[in-house]
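Letter by letter, the chains look like this.
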Amino acid sequence: MNIVLTIIVAVLVFGAVIFFHELGHFIMAKTGKIKVNEFAIGMGPTLLKFGKGETTYALRALPIGGFVSMEGEDEESSDEHSFQRASIPRRLGVMVAGAFMNLVLGFLALVLLTSLGGQAIASREIASVENDSTGLRVGDVITKVNGRRAFIFDDLSYEFARTQNGTFDIEVKRDGKKVILQNITFDTLVAYDQETGEPIMNESTGEPYEYLNLGFKVWAQEKTFGSVIGEAFNTTLSYSRLIYLSLFDLITGKMPINLLSGPVGIVSEIGKAALLGWQSVIQLLALISVNLGVVNMLPLPALDGGRVILLMVEAIRHKPMPAKYESVINVAGFVLLMGLMVFVSFNDIWRLVT
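So, a few notes on the structure that sits alongside this text. Bear in mind that the values here come from a model prediction, so they are computed numbers and not experimental data.

### Notes on the environment of Gly117
Okay, so step 1: Inspection of the secondary structure puts Gly117 in the loop between α2 (88-116) and β3 (121-129).
Okay, so step 2: In this structure Gly117 comes out as buried when scored by relative accessible area, which is 9%.
Okay, so step 3: Residues Gly117 and Gln279 lie 162 residues apart in sequence; the distance between their C-alpha atoms is 6.5 Å.
Okay, so step 4: Once residues within four sequence positions are removed from consideration, Gly117 is found in contact with Leu112, Lys223, Trp278 and Gln279.

Structure, rendered in C-alpha cells:
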C-alpha cells in the first residue's frame, strides 16, 4: 500500500512541477508568436494526444520530463514563426519562463501551506531572552546572521547550523536602528532520544550529536492575507538561496557529493512525506519546484540557463553561434548531465539498500 501511495503522490508531484515548467515555455512561445508543434507532459510512448490549431497536446508514459517542441528550435526552418526567426528578447523570454513558472508553483504551494497548515508564522522579533550575555534584547528583530540576510525564521536556524566555528555576528533592528552584535556564542547541548533517554550518536564521528541552545524565543505572527503572502514570498527567496548555498558547499567540499539526491532519492522522500500527511507533501512540492527553477537557470549546457548564455553570445556577436559548435556544446552538456544522474541514482539506491 505504501508503494502504491508513493507512486501516486510522486506522479502527481512530478506532474505538477513538469506541467508548470513546460507551461511557462509554452505561454511565452505563443505570446511571442512562435509556432509550437507539440506540448508534451512525460517522455516515451504517447498515451493520449489531441490537436488544436497548429499544436499537438500529448500525455506520454514516463513522468520524468516533458517538452515544448517549437518550430525551428533544433533545426533549420523557413517558417516565419520559427524559434530562430524570433527576436533575441522573445527567445530569452521563452527560455526563462519555465524556471519562472516553477518559482510561481513553489510560491503558490507555500501560500497554501502557510494559510491552511497548522503551524504558526514565526517572526524574527525576539519575545524572550534566557541569556543576557548574548546582547540580544526583547523586541530586537534579527535581520542578518554573519552578514547573510534572514528572510524567514528558518534562515536563522540554517545559518547557526552551517557556521563551523560556533561564533556569530548578528545584525538586529532595535528601536528603528541597525545594531550589530559581534562574536556571539551559544551554549551547546547534547541531543537525546526521547524514547530511550540515550544520547543520539553521530555514526561518522562516534560522538553524540550536539546542537545550539539559542536561548531566545520569537513572536508568532497573526495569519492575515498580507502576512501569508509575505511569508510565502520570503520562503521562496529563502529556498532559492538555500539551493545556491548547498551547491556552493558541494563545490567547495563543505558538503560531500554523496549527499546529492536524484530521482530515486526524491521519490523516496516523497513516499516519506506522503505518510506524514498533505502538509509535508506540499512543502516538498514547493522545495522541488523551486529547486528545479533555480538549477535549470544555471549557465550549464543542456539546461535553459546554458541556452540563455548562448543567446547572450549571439546578441553580442550579432549573429548566432555556428550550429555545429552549439550542437557539440549541448551534446557534451547532456552527456555530463546524464553521467551525474547515473551517479546520484546509484547513491540513492545504495542508501536505500544499506
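### As for the pattern of salt bridges
Okay, so step 1: Within the structure shown, the criterion is met by nine salt bridges.
Okay, so step 2: In this structure, Arg307 engages Glu73 in a salt bridge whose closest nitrogen and oxygen atoms are separated by 2.9 Å. Here Arg307, found in helix α7 (residues 304-317), pairs with Glu73, found in the loop between β2 (55-70) and α2; they are 234 residues apart in sequence, far enough to count as distant.
Okay, so step 3: The exposure class of Arg307 is buried, given its relative accessible area of 17%.
Okay, so step 4: Taking relative accessible area as the criterion, Glu73 reaches 14% and is therefore assigned buried.

### Considering the nonpolar core
Okay, so step 1: Within the largest apolar cluster, 45 residues are counted, with the highest numbers of intra-cluster contacts made by Met70 and Ile270.
Okay, so step 2: Listing elements by their share of this core, those giving two or more residues are α1 (2-31), β1 (36-52), β2, α2, α4 (225-252), α5 (263-276), α6 (278-296) and α7.
Okay, so step 3: Residue contributions to this core peak at ten residues, all from α1.
Okay, so step 4: Each residue touching Met70, except ones within four places of it in the same chain, is listed here: Ala29, Ile34, Lys35, Val36, Asn37, Glu75, Phe83, Val94 and Met95.
Okay, so step 5: Judged by nonpolar contacts, the second largest core, of 14 residues, contains Ile126, Leu156, Phe160 and Phe168.

### Quick notes on the packing of aromatic side chains
Okay, so step 1: Evaluation of the coordinates by the stated rule reveals six aromatic pairs.
Okay, so step 2: Relative to Tyr57, the ring of Phe26 has its centre 5.9 Å away and its plane inclined at 70°; by these criteria the two rings are edge-to-face. In this pair, Phe26 sits in helix α1 while Tyr57 sits in strand β2, placing the two residues 31 residues apart along the sequence. This pair shows no difference in class: Phe26 is buried, exactly as Tyr57 is.
Okay, so step 3: On the numbers, 5.3 Å between centres and 20° between planes, the contact of Phe50 with Tyr57 is stacked.
Okay, so step 4: With a relative accessible area of 49%, Phe50 lands in the partly exposed category.
Okay, so step 5: The structure contains a cluster of three or more aromatic residues connected by ring pairs, namely Phe19, Phe20, Phe26, Phe39, Phe50 and Tyr57.

### Some words on the environment of Gly51
Okay, so step 1: Looking at the element boundaries, Gly51 is found in strand β1.
Okay, so step 2: The exposure class assigned to Gly51 is exposed, which follows from its relative accessible area of 61%.
Okay, so step 3: Gly51 sits 13 residues away from Glu38 along the chain, and the two C-alpha atoms are 8.8 Å apart.

### Re the packing of α2 against α4
Okay, so step 1: Packing of α2 against α4 leaves a shortest axis separation of 8 Å and a crossing angle of 130°. As the angle between them shows, α2 and α4 are arranged oblique. In this structure, α2 meets α4 at a crossing whose hand is right-handed. Along its contact with α2, which presents Leu103, Gly106, Phe107, Leu110, Val111, Thr114 and Ser115, the element α4 presents Val228, Ile229, Glu231, Ala232, Phe233, Thr235, Thr236, Tyr239 and Ser240.
Okay, so step 2: Its residues assigned to classes, the contact of α2 with α4 comprises nine nonpolar, six polar and one charged.

Conventions and cut-offs
Residues numbered from 1 in each chain as written. Predicted model: local features only at pLDDT ≥ 70, side-chain atom pairs only at ≥ 80, totals over all residues. Heavy atoms only, no water. Helix = DSSP H or I, 4+ residues; strand = E, 2+ residues; numbered from the N terminus. Buried < 20%, exposed > 50% of the residue type's maximum accessible area, 1.4 Å probe, protein only. Contact = heavy atoms within 4.5 Å. Salt bridge = Lys/Arg side-chain N within 4 Å of Asp/Glu carboxyl O. Core = buried A, V, L, I, M, F, W, Y, C linked by side-chain atoms within 4.5 Å. Phe/Tyr/Trp six-rings, centres within 6.5 Å; stacked < 30°, edge-to-face > 60°. Axes fitted to C-alpha atoms, helices over the stretch in contact; angles between N-to-C directions. Parallel < 35°, antiparallel > 145°, perpendicular 65-115°, else oblique. Left-handed = near helix turned anticlockwise from the far one by under 90°. Nonpolar A, V, L, I, M, F, W, Y, C, P; charged D, E, K, R; others polar.

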